[in-house]
Amino acid sequence: MITPLRGRTLRARLALVTSAAVALVALGVLGAAYVVIRYELVRQLDLQLKQQAGLISQQSRGGADSGVLYDQCAWRAAPACAQIVRADPAAPGQRGLALPVTGATRRVAAGTLGAYYSDITHDGRPMRMLTTPLPGREGHALQVAARSDAVDQGVRQAGWYLGWVGGAGVLLAAALGYVVSRTSLRPVTRLTATAERIAATRDPAHRIELPPHQARREDEITRLAASFNTMLGELEEAVAAQRRLVADASHELRTPLTALRTNAELLARAERLSPAQRERAAEALGRQMREVTGMVNDLIELARDEEPRPLVEQVRLDLLAERCAAVARGHWPGAVFTTDLAEATVPGVPARLARLLSNLLDNAAKFSPPGAVVEVRLARAGGTLDLTVRDHGPGISAEDLPHVFDRFYRSRQARALPGSGLGLAMARQIARAHGAELSAEQALGGGACFRLRFPAPEE
């Protein structure tokens, strides 16, 4: 089944829904006003009948025992009709009464029923009647009635007036709904145009332009436009980062590939080389092959932005850190690795966490002077687990600190050391994939300190 709103534009749907909502509210208010007006008019007539009943009760003391007091029911003036009814229908004066007498009327006269109002028709005219006990006269009830057609006419007129007002309100609601939808959705129109322009040009540098008066608003549409601009900024930055990565990777790979080609060409003329030259060329070729292979593997791992969920398990972080420190002692015999590890378990991929810790340990050992200590600590700090790797080398300068986790970034003192500048970038990516945060800081007393902070698991 096709709904009436399907196939319409968002502006038309919003205008229709807004108009319907305003119209419903307006009609509800007018309906409530009609009920209130009718209630007040009827209440005024009831109060008038009650006052007349009180006056007649005072005048009837010592007067007629029962029967018709006024019989001008055709008059609009009040009281038009009034009569005294006795509980006994056979009592004198109970014949030829002007107003209808029912069993309820006799019960009021007998004192078993209280006063009540009723709507009657007399000689084809609508009337409002009050039946009430007659004070001071036991067994008697007083009936007072007045024509209610004036009230009915007033109610009808009020209904017509309110109907015209309601119709005008619905038309005004439709006009306002159209204006509101057109004004409110103007940023969405710009958003659509911007998205179509980006799709056509593939350039995320475009932004949604908002007038100053609209940019100062804080409604959802303006926030949507601001969020879309933010998303475009992030997309533009991601595209720029991708281009920088490709450019940096090309630059970094050019040197080892050139060396590989040179050594390969040299070995191709092995008959012209001495055995020692051939051995040096083969070693250089193998070293450069390992360097290129390692860099390519690092780039592949950096391109993977999340960890495979099936491989996640509970990892004893303290045991993993101790094992990585033992491996680092074998790789870096000139450095002294010390550990102070509290027992802790975190969810993660063991091989990836081991790669993260190995990169931190290798970086610390690389910048440590011979015989210097690399300290590895794991401790609980409030609601987090803090694993720190601290060296006693030259530390990180204020100029380099914001860029230590950038891909292919190497400080001036690191350019003479082996490495591609991808280790710390990969470490931060692995940390974020595990819900942790890796930061670098200048250690007190000299050296660099890398802090890996995990949310503390629940006990």
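Quantities reported herein were computed from a predicted structural model and do not represent experimental measurements.

J.: Please provide a residue-by-residue account of the overall build of the protein chain, values included.
T.: Of the regular secondary structure elements, the protein chain holds 10 helices and 12 strands. Split into buried and exposed, the 459 residues of the protein chain put 35% on the buried side. Residue pairs at least 24 apart in sequence account for 62% of intrachain contacts in the protein chain once pairs closer than 6 positions are excluded. Here the protein chain displays about 26700 Å² of accessible surface, and carbon together with sulfur accounts for 58% of that area.

J.: Run through a nonpolar patch on the surface, naming residues and quoting values.
T.: Taken together, W160, Y161 and W164 make up a surface patch of nonpolar side chains, about 510 Å² in accessible area. Note on placement: W160 falls in helix α3 (residues 149-184). Its relative accessible area of 60% is what places W160 among the exposed residues.

J.: Pulling in residues and values, what's your account of the environment of D391?
T.: Counting through the fold element by element, D391 comes out in the loop between β10 (384-390) and α10 (423-433). The spatial distance from the C-alpha of D391 to the C-alpha of L361 is 9.0 Å, given a sequence separation of 30 residues. Ignoring any residue separated from it by four or fewer positions in sequence, one finds D391 in contact with A364, S368, V373, G446, G447 and A448.

J.: Which residues make up the sheet that holds strand β5 (residues 140-147), and what are the values?
T.: One open sheet holds the five strands; their spatial order is β1-β2-β5-β4-β3, and the pairing between them is antiparallel. The open sheet has two edge strands with one neighbour each: β1 (67-71) and β3 (116-122). Each strand of the sheet is rotated relative to its neighbour by a mean of 20 degrees, with strand direction disregarded. The pairing of strand β4 (residues 125-133) with β5 spans seven bridges and is antiparallel. Note on β5: the bridge partner recorded for P133 is A141.

J.: Describe the nonpolar core, listing the residues and the values that go with them.
T.: Counting residues in each nonpolar core, the largest one holds 39 residues, and the members touching the most others are L387, F450 and L452. When residues of this core are traced back to their parent elements, those giving at least two are α8 (317-331), α9 (350-366), β9 (373-381), β10, α10, β11 (437-442) and β12 (448-455). By residue number, the principal contributor to this core is α9, which donates eight residues. Residue contacts for L387: discarding those within four places in its chain leaves L317, A321, L357, V376, R377, L378, F450, R451 and L452. In this structure, L49, A82, A146 and V155 belong to the second largest nonpolar core, which totals 14 residues.

J.: Requested: an account of the environment of L385, with residues and values cited.
T.: One can find L385 in strand β10. Each C-alpha atom of the pair L385 and R453 lies 5.6 Å from the other, and the pair is 68 residues apart in sequence.

J.: Please give an account of the packing of α9 against α10 that cites residues and values.
T.: Angle between the axes and distance between the axes: these two values describe a pair of packed helices. Put simply, α9 and α10 touch, their axes get as near as 9 Å, and they point 145 degrees apart. The two elements α9 and α10 cross, and the hand of that crossing is left-handed. Contact residues: α9 offers R352, L353, R355, L356, N359, L360 and N363, while α10 offers G423, L424, M426, A427, I430 and A431. Classifying every residue of the contact of α9 with α10 by side-chain character gives eight nonpolar, three polar and two charged.

J.: Give a description of the packing of α8 against α9 that names residues and reports values.
T.: Interaxial distance between α8 and α9 falls to 9 Å at its minimum, and their mutual angle equals 50 degrees. In terms of orientation, α8 and α9 fall into the oblique class. The two elements α8 and α9 meet at a crossing, and its hand is right-handed. Every residue of α9 that contacts α8 at L320, A321, C324, A325 and A328 is listed here: P350, L353, A354, L357, S358 and L361.

J.: Outline the sheet that holds β10, supporting the account with residue identities and numerical values.
T.: Across the sheet, five strands lie side by side as β7-β9-β10-β12-β11; this open sheet has mixed pairing. At either end of the open sheet lies a strand with only one pairing partner, and these are β7 (336-341) and β11. The mean inter-strand angle of the sheet, taken between neighbouring strand axes irrespective of direction, is 15 degrees. Looking at chain direction, β11 and β12 are connected through six bridges and run antiparallel. Within β12, the residue paired with L438 across the bridge is L452.

J.: Please give an account of the pairing of β12 that cites residues and values.
T.: Regular strands have side chains that alternate between both faces of the sheet. Bridge analysis of β10 against β12 gives seven bridges, and the strand direction is antiparallel. Paired with T388 across the bridge in β12 is R451. Hairpin connection, β11 to β12: the antiparallel pair is bridged by five residues, and G445 has positive phi, about 90 degrees.

J.: Describe the pattern of salt bridges, and please don't skip the residues or the numbers.
T.: Inspection of the entire model under this criterion finds 12 salt bridges. A salt bridge links R128 to D46; the nearest nitrogen and oxygen atoms lie 2.7 Å apart. You can see R128 sitting in strand β4 and its partner D46 sitting in helix α1 (residues 10-59), a full 82 residues away along the chain. In this pair, the class of R128 matches that of D46, namely buried. Between R451 and D386 there is a salt bridge; the shortest N-O distance is 3.5 Å. In this pair, R451 sits in strand β12 while D386 sits in strand β10, placing the two residues 65 residues apart along the sequence. Taken together, the shared-partner salt bridges connect D386, E441, R451 and R453 into one network.

J.: So, the confidence of the model for the protein chain: which residues are in play, and what are the values?
T.: Per-residue pLDDT for the protein chain averages 78, and the proportion of residues at 70 or more is 80%. For the protein chain, the element scoring lowest by mean pLDDT is helix α5 (residues 212-215), at 61; β7 scores highest, at 92.

Scoring rules and cut-offs
Residues numbered from 1 in each chain as written. Predicted model: local features only at pLDDT ≥ 70, side-chain atom pairs only at ≥ 80, totals over all residues. Heavy atoms only, no water. Helix = DSSP H or I, 4+ residues; strand = E, 2+ residues; numbered from the N terminus. Buried < 20%, exposed > 50% of the residue type's maximum accessible area, 1.4 Å probe, protein only. Contact = heavy atoms within 4.5 Å. Areas by Shrake-Rupley, 256 points an atom, 1.4 Å probe, with all protein chains shown as cover. Patch = residues over 30% accessible without salt bridge, like charges linked within 9 Å, V, L, I, M, F, W, Y side chains within 5 Å. Salt bridge = Lys/Arg side-chain N within 4 Å of Asp/Glu carboxyl O. Pairing = 2+ DSSP bridges. Axes fitted to C-alpha atoms, helices over the stretch in contact; angles between N-to-C directions. Core = buried A, V, L, I, M, F, W, Y, C linked by side-chain atoms within 4.5 Å. Left-handed = near helix turned anticlockwise from the far one by under 90°. Nonpolar A, V, L, I, M, F, W, Y, C, P; charged D, E, K, R; others polar. Parallel < 35°, antiparallel > 145°, perpendicular 65-115°, else oblique. pLDDT = per-residue confidence, 0-100.

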